[in-house]
Structure formats: structure tokens, C-alpha cells
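What follows is each chain in one-letter form.
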Amino acid sequence: KKTWYESLISCMIILFGGAITTGLILGQVPSYLLSNDAVPSLLIIWWLTFCSPFDIYWKFINKYEKIIITISHFIHTIASGLAITSWGVDKALNNVYHLNSHEYANSV
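Sequence order as written defines residue numbering, which begins from 1 separately in each chain. Residue-level local features of this predicted model are given only where pLDDT is at least 70; pairs of side-chain atoms are given and counted only at 80 or more, and the full residue set underlies all totals for whole chains, interfaces and linings. Note: side-chain values were computed over all heavy atoms of the structure, leaving out hydrogens and water.

**Some details on the overall build of the protein**
Thinking step 1. Each helix and strand counted, the protein has 7 helices and 0 strands in total.
Thinking step 2. Note on conventions: DSSP H or I runs of at least 4 residues are helices, E runs of at least 2 residues are strands, and numbering of each starts at the N terminus. When its helices and strands are written in sequence order, the protein yields α-α-α-α-α-α-α.
Thinking step 3. Relative accessibility under 20% of the residue-type maximum defines a buried residue, over 50% an exposed one, and the middle range a partly exposed one, all with a 1.4 Å probe and only protein chains included. Looking at the 108 residues of the protein, the share that counts as buried comes to 19%.
Thinking step 4. Residues are treated as being in contact if the distance between any of their heavy atoms lies within 4.5 Å. For the protein, the share of sequence-separated contacts (at least 6 apart) that also reach a separation of at least 24 residues comes to 52%.
Thinking step 5. Here the Shrake-Rupley method, with its probe set to 1.4 Å, supplies the accessible areas, and only the displayed protein chains count as covering residues. Of the accessible surface of the protein, which amounts to about 8,400 Å², a share of 69% is contributed by carbon and sulfur atoms.

**Some words on unusual backbone geometry**
Across the chain, the bulk of peptide bonds are trans and the bulk of non-glycine residues have phi less than zero.
Thinking step 1. Backbone geometry places Phe-54, a non-glycine residue, at a positive phi of 60°.
Thinking step 2. On the accessibility criterion, Phe-54 (72% relative accessible area) is exposed.
Thinking step 3. Of note in this structure, Asp-55 is not a glycine but carries a positive phi near 55°.
Thinking step 4. The residue Asp-55 is located in the loop between helix H3 (38-51) and helix H4 (56-63) in this model.
Thinking step 5. Classification of Asp-55 by relative accessible area gives partly exposed; the value is 44%.

**Some thoughts on the packing of aromatic side chains**
Thinking step 1. The aromatic pairing rule takes the rings of Phe, Tyr and Trp, using the six-membered ring of Trp, and pairs them if the centres are within 6.5 Å, calling planes under 30 degrees apart stacked, those over 60 edge-to-face and the rest tilted. Across all of its chains, the model carries 6 aromatic pairs by this definition.
Thinking step 2. Look at Phe-16 and Tyr-32: their rings are 4.2 Å apart centre to centre, the planes differ by 5°, and that puts the pair in the stacked class. With Phe-16 in helix H1 (residues 4-26) and Tyr-32 in helix H2 (residues 31-34), the pair connects residues that are 16 residues apart, well separated along the chain.
Thinking step 3. Residue Tyr-32 is classed as buried on the basis of its relative accessible area of 12%.
Thinking step 4. Between Trp-46 and Phe-50, the aromatic rings sit 5.9 Å apart at their centres with planes inclined by 45°, giving tilted as the arrangement. Of the two residues, Trp-46 and Phe-50 both sit in helix H3, 4 residues apart, roughly one turn of that helix.
Thinking step 5. What makes Trp-46 buried here is its relative accessible area of 11%.
Thinking step 6. Taken together through their ring pairs, the aromatic side chains of Trp-4, Tyr-5, Trp-46 and Phe-50 make up a single cluster.

**A short note on the nonpolar core**
Thinking step 1. Counting residues in hydrophobic clusters, the biggest one holds 5 residues: Phe-16, Ala-19, Tyr-32, Ala-38 and Leu-42.
Thinking step 2. Listed by contribution, the elements that provide at least two residues to this core are H1 and H3.
Thinking step 3. Excluding residues that lie within four positions of it along the chain, Ala-38 makes contacts with Phe-16 and Tyr-32. In this description, a nonpolar core means a group of buried Ala, Val, Leu, Ile, Met, Phe, Trp, Tyr and Cys residues linked to one another through side-chain atoms lying within 4.5 Å.

Below, the structure written as C-alpha cells:
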């Protein structure tokens, strides 16, 4: 059996592995470190998955499985399109988000 911090680190590597790899390859800070909601979202989902009292989270997931899968496919499609068009290209070509995030935020 794994300890709580081993499972949390495993989840973090699985979830943020692409951002870590991209940051290392491009010599930039991983984008999840600069995000205000990535790590808290991970912590909430991790807690719901592994520490939910009376398995409320899993009962909810099992009851509304088809609806949740449909919604998650829709969100995944939108997120993939955004990543390809906005985040991926800007990050790779211009490095706008990391080095000039304060200037970029003011220009938008």
C-alpha cells in the first residue's frame, strides 16, 4: 500500500508530466507552477478520489457515469483545441506566457 504523499506525487507526475517535459525541453518554468488553479484543482480531485468520506465521490461518479463521460469528452475537445492553437504555439514560439506574462496580461 502506498502512502498518501506517494500517491499524490504519482498523480502530479501523471497530470503535469507534459508540462514538466515541455518546460525542461524549452528551458522554461513549467506552466502549472505559474497557474493559480492547476495545483489546487489537482489537490481537490486527489482528495475526492482517495479521501472522500463514505465514498460519496465514487457513488456520484457511478450514478451519473454516462453524463460525466459525455461532458468530459466535450471539455477535453475544447481544451485540446485551445492547447494546440493558443498555449502550445505561443509557448513554443514566443515564450509569451512565462517571460513576459505581466506584459502579455496587460496587452490582452
